[in-house]
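If you want the building blocks of each chain, they are given just below.
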Amino acid sequence: MAKLAGHEETDDTMYDCCKILVSASVQDAIIQAYQDEIPGVRMESIITLLAIGGSKMNAELGQDEVRIQPGFISTKTAD
């Protein structure tokens, strides 16, 4: 996603997947990928995972559309 947006990744690059908006069709594909990867996974587990740290579905987006929000890409700071 970041490469498609023209970002070059470094060792300090961090991503906040909560800052990605996806259409219903993309969210369905993400859910299907979880179900394919982890047979028997409960839908509630997938939805909880997406709600806590995943992309968010936006009904206003077109078919297969993805939108990156500000803050998706950041840089690690020294402690």
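Look up: the structure comes first, before these words.
Residues numbered from 1 in each chain as written. Predicted model: local features only at pLDDT ≥ 70, side-chain atom pairs only at ≥ 80, totals over all residues. Heavy atoms only, no water.

Caption draft 1: Geometry of the overall build of the protein chain. Of regular secondary structure, the protein chain possesses two helices and five strands. N-terminal to C-terminal, the α/β element order of the protein chain is β-β-α-α-β-β-β. Principal axes of the C-alpha set define a box for the protein chain whose edges measure 40 × 30 × 20 Å. Going through the 79 residues of the protein chain one by one, you find that 22% of them count as buried. In the protein chain, of all internal contacts separated by at least 6 residues, the share reaching a separation of at least 24 is 78%. Carbon together with sulfur atoms contributes 53% to the accessible area of the protein chain, which is approximately 5800 Å² in total. Distance between charge centroids for the protein chain: 4 Å, based on 6 positive and 13 negative side chains. (Helix = DSSP H or I, 4+ residues; strand = E, 2+ residues; numbered from the N terminus. Buried < 20%, exposed > 50% of the residue type's maximum accessible area, 1.4 Å probe, protein only. Contact = heavy atoms within 4.5 Å. Areas by Shrake-Rupley, 256 points an atom, 1.4 Å probe, with all protein chains shown as cover. Lys, Arg positive; Asp, Glu negative; His and termini not counted. Charge placed at Lys NZ, Arg CZ, Asp CG, Glu CD.)

Caption draft 2: Highlighting the packing of aromatic side chains. Taken as a whole, this structure holds one aromatic pair when the rule is applied. With a centroid separation of 5.4 Å and 40° between ring planes, the pair formed by Y15 and F72 is classed as tilted. Placement of Y15 in strand β1 (residues 13–15) and of F72 in the loop between β4 (66–68) and β5 (73–75) is noted, with a sequence separation of 57 residues between them. (Phe/Tyr/Trp six-rings, centres within 6.5 Å; stacked < 30°, edge-to-face > 60°.)

Caption draft 3: A look at the pattern of salt bridges. Counted according to the given criterion, the structure contains two salt bridges. One salt bridge in this structure joins R67 and E65, with 3.1 Å as the shortest N-O distance. (Salt bridge = Lys/Arg side-chain N within 4 Å of Asp/Glu carboxyl O.)

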